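Here is how the chains run, residue by residue.
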Amino acid sequence: MARLALCGVISGLVVAAGVLPLALIGGSTVNAGRDIWVNLPSNLAMPPPPQATYVYANDGRTLITTFYDENRKDVPLDQIAPVLQQAVVAAEDTRFYQHRGVDGRSVLRALVSNGRGGAQQGASTLTMQYVRNVLKNDPSLSPRQRVDAGADTPARKVREMRYATMLEQHLSKQDILKGYLNIAYFGAGAYGIYAASQTYFGKSALDLTLPEAALLAGLLQSPDGDNPISGDRDAALQRRAYTLDAMAKMGVISAADAATAQAQELKINERDLPNNCVSVPPAHNDWGFFCDYFRQWWGSQPEFGATPADRDEALRTGGYTVVTSLDPGIQASTLSQSLSVYGYGSARSMPLAVVTPGSGRVLAMAVNRHYSLAPNPPQHPRYPNSVNQLIAGGGGVAGYQAGSTFKMFTMLAALDAGLPLNTRFNAPSRLATGWPGSGPGSCGGRWCPANESPSWMNGDRTMWNGFGRSVNTYFVWLEQQIGARRVVEMAQRLGITFRSGADAAMAAKADQWGSFTLGVASTTPLDLANAYAAVAAGGLYCQPLPVLSITDNAGKPVDAAAPKCRQVISSDVAAAATDAARCPVSRSSAYNKCDGGTAENVSGILGGRPVAGKTGSSEYNSTETFVGFTPQVAAAGIAVNVDNPNDQVGSGIAGSVNAAVAQTIAAALRGQPVQAFQPPSRVRALGR
């Protein structure tokens, strides 16, 4: 009650001195203003100011970027140098530890000075300043109320006094100081001491020296005008001197220490905090494509809000710490392999994605493009700079045809339906199907697909050598046996997304989509690598995941970082498909049934490790694709002209694509133990 009485006395003095207008103490205005004297806003005790979200690589230390509206990150008091805490108290409120929210001496001194027409003096304590900052940032208040919280009016002063007095009954001095240091504006776009110490000196708040601490504390009075980056450098030095002198008078430093600190040259190590994906480190602008996918993923997670707009706001203001799954070493290797196929100056692209079976975590995403908004040359306005999501799709990118890699979904659907790997068919050069067709690929009004190399592909085939030699007519026949709908649904089970309207329309009438097994639907390297990763993981499909951990601004883990997995096919079906998928890249199936493959050099690149995969060529070799996997890693790459589908990349690039993906997998596996594939059962393989 003594504190409340003090506030009443002070308010009376303010009114008596003529600082408050007469209207404030008359009639309805007093009645309307009584609400501010009743309850302490809850946000003053636990303020939710906007904070930057920090996004790191998988080591938890390498910063990829940050997202923020205000450059701010809360830190505990034990992570703020004591000398900075002392400097702020000395500069802003020397009696902070003596008063209880309102300093009667300062108010009386200000009243006397201001009433005599002398230099205008303020009387705001640190607690009152903290109140003002919280109210200015309180999202529960209306925009007008937030503006009023910073207005230079008597009503605001009275409100601050009342709230400050009440606040000191709820929080300790240390809590108030911590809150103030984390919410105060230090100029140059830096909110809070964490951002300020990084912005001005490129170091943590715990490592600030006495001259640095005094400089930052001095900026609080006029952060935009006095800061040495964009404001008045001389004024910054004057405020530093003022703070050092105040610290010496308080006895927290000696006069000699103050003089030594004041004599030191002002050294600014300006560090701009990146904001958004276009601000990843310049030397690693390839990380921007991963960052872009991370943001796309974040926008789909309900844990961060009810709508995409809410989730985006949470990213920019929620103060999360995100450790992503991006492995900088694997990313560098992946980019190098993409560039080995096409350089930055090529109109054609080589997007590559690497994922982890059993978790879906994305290790790398690379393409021969700079993630940048910088203008491109007039002669080729779409490259080498691009912010289109060329690797994961979305944002208008539907993907690219991946050819015979889709035969995997036909094989899985057939195995799932009970057909064994040794299901035999005498594959002809051309197969007359039951689906309607027209043009060169038809016969008698029916769709008649053909084998690309009849002398090597025709004949008695099983899933092993049909997959190894990529026999079109075998897999179209197999699709007919089980129905195209099962094949389309299998692809969807493994995460293949139909982003184009035409593909979505065909999927809706999947029974008529006979050409699906030949890879005519658009897909992306990420979807394709992750689908094959589910096979590598024994039929466990996991949604692609770009993070290892997420903690909120209170340090609490967020569930969104956990893998989201489900068993979509039996482990024996997956083992059988894997056994056949070893044929394209080696002759090492568990049942020794491989007799030729389309990418047999892959096994040698991986040093003889157990590996599986599939090549794919779209019609007229418009694209060339390879997807490979081991038990630990899956990767996919597609050679394509993303801007001109009529520009066929040609079959000659296929070997480079295969090698690039294989080298990417080899780099990702470096230092990891060799793991073998699980062989399928005899029933699943041989039907007995």
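Residues numbered from 1 in each chain as written. Predicted model: local features only at pLDDT ≥ 70, side-chain atom pairs only at ≥ 80, totals over all residues. Heavy atoms only, no water.

Colleague: Break down helix α21 (residues 472-482) for me, citing the residues and quoting the values.
Modeller: Given 3.6 residues per turn, any residue in an α-helix points the same way as the ones three and four places further on. Extensive coverage of α21 is indicated by the burial of nine of its 11 residues. Those residues of α21 lying buried are Asn472, Thr473, Tyr474, Phe475, Val476, Trp477, Leu478, Glu479 and Ile482. Turning to α21, the residues buried within the fold contact α18 (407-416), β11 (425-427), β13 (446-447), β14 (459-461), α20 (463-468) and α22 (484-493). (Buried < 20%, exposed > 50% of the residue type's maximum accessible area, 1.4 Å probe, protein only. Helix = DSSP H or I, 4+ residues; strand = E, 2+ residues; numbered from the N terminus. Contact = heavy atoms within 4.5 Å.)

Colleague: Describe the state of the cysteines, with residues and values.
Modeller: A complete count under the given rule lists four disulfides for this structure. Disulfide pairing places cysteine 443 opposite cysteine 448 at an S-S distance of 1.5 Å. Disulfide cysteine 443-cysteine 448: the torsion about the S-S bond is -55 degrees, which places it as left-handed. A relative accessible area of 1% places cysteine 448 in the buried class. Paired by a disulfide, cysteine 542 and cysteine 565 hold their sulfur atoms 2.1 Å apart. Torsion about the S-S bond of the cysteine 542 and cysteine 565 cystine: about 105 degrees, corresponding to right-handed handedness. Taken together, the positions of cysteine 542 in strand β16 (residues 540-542) and cysteine 565 in strand β18 (residues 565-567) put the pair 23 residues apart, joining distant regions of the chain. (Disulfide = S-S within 2.5 Å.)

Colleague: Can you explain the sheet that holds strand β7 (residues 362-366)? Please cite residues and give values.
Modeller: An order of β7-β6-β21-β20-β19 is seen for the five strands of this open sheet, with the pairing classed as antiparallel. The sheet terminates laterally at β7 and β19 (612-617), the two strands that pair on one side only. The sheet shows a mean angle of 5 degrees between the axes of neighbouring strands, taken without regard to direction. Relative to strand β21 (residues 634-639), strand β6 (residues 352-355) is paired through four bridges, and the arrangement is antiparallel. Opposite alanine 353, over in β21, you have alanine 636 as the bridge partner. Sheet strands touched by helix α24 (residues 525-536): β6, β7, β19, β20 (624-629) and β21. Its angle to β6, the strand with the most contacts, is close to 30 degrees. (Pairing = 2+ DSSP bridges. Axes fitted to C-alpha atoms, helices over the stretch in contact; angles between N-to-C directions.)

Colleague: Explain the packing of helix α15 (residues 287-298) against helix α16 (residues 308-317) to me, and be specific about the residues and the numbers.
Modeller: Interaxial distance between α15 and α16 falls to 9 Å at its minimum, and their mutual angle equals 125 degrees. Accordingly, the angle class assigned to the pair α15 and α16 is oblique. Mapping the contact onto sequence places Phe294, Arg295 and Trp298 in α15 and Arg311, Asp312, Ala314, Leu315 and Arg316 in α16. A per-class count over the contact of α15 with α16 returns four nonpolar, no polar and four charged. (Parallel < 35°, antiparallel > 145°, perpendicular 65-115°, else oblique. Nonpolar A, V, L, I, M, F, W, Y, C, P; charged D, E, K, R; others polar.)

Colleague: Let's hear about the pairing of strand β1 (residues 53-56): which residues, and what values?
Modeller: Burial along β1 is two-sided: the residues Thr53 and Val55 and Tyr54 and Tyr56 are all buried. Strand direction decides the pairing type here: β1 and strand β2 (residues 63-67), joined by four bridges, are antiparallel. Counterpart to tyrosine 56 in the pairing with β2 is leucine 63. Count of turn residues in the β1/β2 antiparallel hairpin: six residues, of which glycine 60 carries a positive phi of about 75 degrees.

Colleague: Describe in detail the environment of asparagine 275, supporting the description with residues and values.
Modeller: Topologically, asparagine 275 is positioned in the loop between α14 (255-263) and α15. Residues asparagine 275 and aspartate 69 lie 206 residues apart in sequence; the distance between their C-alpha atoms is 8.8 Å. Filtering out sequence-adjacent residues up to four positions away, asparagine 275 remains in contact with Thr65, Thr66, Phe67 and Tyr68. In terms of polar contacts, asparagine 275 uses its side chain to reach the backbone carbonyl oxygen of tyrosine 68, at 3.1 Å. (Polar contact = N/O pair within 3.5 Å; in protein donor to acceptor, adjacent residues only side chain to side chain.)

Colleague: Provide a residue-level description of helix α11 (residues 210-219), including the pertinent values.
Modeller: A large share of α11 lies buried, amounting to 10 of its 10 residues. All of the buried residues along α11 are Leu210, Pro211, Glu212, Ala213, Ala214, Leu215, Leu216, Ala217, Gly218 and Leu219. Turning to α11, the residues buried within the fold contact α4 (82-92), α10 (192-201), α12 (223-226), α13 (233-250) and α14.

Colleague: Any chance you could break down the pairing of strand β5 (residues 321-324) for me, citing the residues and the numbers?
Modeller: By the bridge criterion, three bridges tie β1 to β5 in an arrangement that is parallel. Its bridge partner lying in β5, tyrosine 54 is registered against threonine 321. Taken together, the four bridges between β5 and strand β17 (residues 547-551) define a ladder with antiparallel strand orientation. Residue pairing across strands places valine 323 opposite serine 549, the latter belonging to β17.

Colleague: Outline the pattern of salt bridges, listing residues and values.
Modeller: Applying the stated criterion across every chain, the model contains 18 salt bridges. The salt bridge involving glutamate 212 is made with lysine 203; its shortest N-O contact spans 3.1 Å. Given the relative accessible area of 14%, glutamate 212 is considered buried. One salt-bridge network, in which partners are shared between bridges, spans Asp69, Arg295, Asp312 and Arg316. (Salt bridge = Lys/Arg side-chain N within 4 Å of Asp/Glu carboxyl O.)

Colleague: Kindly report on the sheet that holds β1, identifying the contributing residues and their values.
Modeller: One open sheet holds the four strands; their spatial order is β2-β1-β5-β17, and the pairing between them is mixed. Two strands in the sheet have a free side with no partner beyond their single neighbour: β2 and β17. Geometrically, the sheet is characterised by an average inter-axis angle of 15 degrees between neighbouring strands, direction not taken into account. Those strands touched by α15 are β1, β2, β5 and β17, and its axis lies near 45 degrees from that of β2.

Colleague: Lay out the packing of aromatic side chains in plain terms, naming residues and giving numbers.
Modeller: This structure, assessed with the given rule, holds 25 aromatic pairs. Each member of the aromatic cluster is reached from another via a ring pair, and the members are Phe67, Phe294, Trp297, Trp298, Phe304 and Tyr320. Note that lysine 173 overlies the ring of phenylalanine 96, its terminal NZ or CZ placed 4.5 Å from the centroid. Over the ring of phenylalanine 467 we find lysine 614; its NZ or CZ atom is 5.5 Å from the centre of that ring. (Phe/Tyr/Trp six-rings, centres within 6.5 Å; stacked < 30°, edge-to-face > 60°. Lys NZ or Arg CZ within 6 Å of the ring centre and 35° of its normal.)

Colleague: Can you break down the nonpolar core residue by residue, with the values?
Modeller: The biggest cluster of nonpolar side chains holds 108 residues, and the ones touching the most others in it are Met408, Met411, Ile550 and Phe629. Broken down by element, the residue count for this core peaks at nine residues, all from α24. With sequence-adjacent residues up to four places away left out, phenylalanine 629 is seen in contact with Met408, Tyr532, Val535, Ala536, Thr578, Ala581, Val611, Ala612, Gly613, Ala634, Ile665 and Phe677. Listed in part, the 61 residues of the second largest apolar core include Leu77, Leu210, Ala217 and Leu266. (Core = buried A, V, L, I, M, F, W, Y, C linked by side-chain atoms within 4.5 Å.)

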